[in-house]
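# Results of the structural survey
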Amino acid sequence: MGRLDGKVIVLSAAAQGIGRAAAMAFAKEGAQVTATDINREKLQELDSIQGIRTKVVDVTKRDQVEALAMEHDHVDVLFNVAGFVHHGTILDCEEVDWDFTMNTNVRSMYLMCKAFLPKMLAKKSGNIINMASVASSIKGVVNRCVYSTSKAAVIGLTKSIAADFIEQGIRCNCVCPGTVDTPSLRGRIQAQADPEQAFKDFMARQKTGRLCTAEEVAHLCVYLASDESAYVTGTEHIIDGGWRL
């Protein structure tokens, strides 16, 4: 018996990082997983894993999101992972950067929740998990202006959905990681003028002396997706190794 036996789970950004680790962890615990991403090549690496079905979906496109929802009679868990990290202060953030970040980090969750929530309400049962961050309303972080703003909005969206639909059997929580060792992080480090110093700067703020792993975040996501967390809703689940302290 798995902790997620019989549950139907849909998630975004499953090709790598936290999304990939979560998709694999969900399937390992017995869930039937629809793993989506825009990266077809990396996403298809999950096709060989029992319990996972992959589909290329751009969750910033309403027609693609609605088509995805139409493929499912019901969904027990919706996990919104897709996101983008912009580097810089407000003075470094052009309107195009602001719009792209908000579209990817917030509007995509709005579209996904709006498409899948009616199916949950029809069953009077559903569970939404949103990917937020410690860099948000929880903690001010240097050079993360629009990213932190978007993740603060995700926390607000999470609490709003939880409050609006708690009496209809819907739960909604968010996960707030600190610095997670993912391909996205490694790519952003390499994009800096001095990658070696950028890595040292990231490590200097890790009070535990190491980065979080995607698998550690996935363990938390399994708990939130399972019935073990049945009495948990409207909350931020921080996994940051004490970075916020």
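Residues numbered from 1 in each chain as written. Predicted model: local features only at pLDDT ≥ 70, side-chain atom pairs only at ≥ 80, totals over all residues. Heavy atoms only, no water.

What counts is decided by this rule: UniProt positions are given in the numbering used here, feature names are shortened, and annotations may be inferred rather than shown by experiment.
An unreviewed UniProt entry lists the protein under the name Dehydrogenase/reductase SDR family member 6, from Takifugu bimaculatus. What UniProt states about the protein under its Subunit (unreviewed entry) heading is, verbatim, "Homotetramer."

### Focus on the packing of aromatic side chains
Heads up, the condition is: Centres within 6.5 Å are what make two rings of Phe, Tyr or Trp a pair, Trp counting through its six-membered ring; a difference in plane orientation under 30 degrees is then read as stacked, over 60 as edge-to-face, and the rest as tilted. Helix numbering and strand numbering both begin at the N terminus, where a helix is a DSSP run of H or I of at least 4 residues and a strand a DSSP run of E of at least 2. For every residue, the accessible area (1.4 Å probe, protein chains only) is compared with the maximum for its type, and the residue is labelled buried under 20%, exposed over 50%, or partly exposed between those bounds.
For the coordinates displayed, the defined rule picks out 2 aromatic pairs. Relative to F79, the ring of F26 has its centre 6.1 Å away and its plane inclined at 65 degrees; by these criteria the two rings are edge-to-face. Within this pair, whereas F26 is found in helix α1 (residues 17–28), its partner F79 is found in strand β4 (residues 77–80), the two being separated by 53 residues in sequence. As far as the burial class goes, F26 and F79 line up, both buried. Here the aromatic rings of F84 and F100 are separated by 5.0 Å at their centres, their planes lie at 85 degrees, and the arrangement is edge-to-face. Note that F84 is positioned in the loop between β4 and α4 (95–123) and F100 in helix α4, a separation of 16 residues in sequence.

### Thoughts on the packing of α1 against helix α8 (residues 214–225)
In plain terms, the rule: Helix axes are fitted only over the stretch in contact, all axes being lines through C-alpha atoms; the angle between N-to-C directions runs from 0 to 180 degrees. By definition in this entry, angles of less than 35 degrees are roughly parallel, angles greater than 145 are roughly antiparallel, angles of 65 to 115 are roughly perpendicular, and the rest are oblique. Should the near helix be turned anticlockwise from the far one by less than a right angle, the crossing is termed left-handed; should it be turned clockwise, right-handed. The contact criterion used is simple: two residues touch if any of their non-hydrogen atoms lie within 4.5 Å.
With their axes 8 Å apart at the nearest point, α1 and α8 run at an angle of 50 degrees to one another. It follows that α1 is oblique to α8 by the angle criterion. The element α1 and its partner α8 pack so that their crossing is right-handed. Across from G17, I18, A21, A22, A25 and F26 in α1, the residues of α8 making contact are A214, E215, V217, A218, C221, V222 and A225.

### Side note on the sheet that holds strand β5 (residues 126–131)
This is how the line gets drawn: Strands pair, by our definition, only if DSSP identifies at least two bridges between them.
The 7 strands are arranged β3-β2-β1-β4-β5-β6-β9 in an open sheet whose pairing can be described as parallel. Pairing within the sheet leaves two strands with one partner each, and these edge strands are β3 (52–56) and β9 (236–239). Direction aside, the axes of adjacent strands within the sheet are offset by 20 degrees on average. Where β5 and strand β6 (residues 170–177) come together, 6 bridges link them in parallel fashion. Paired with N127 across the two strands is R171, which belongs to β6.

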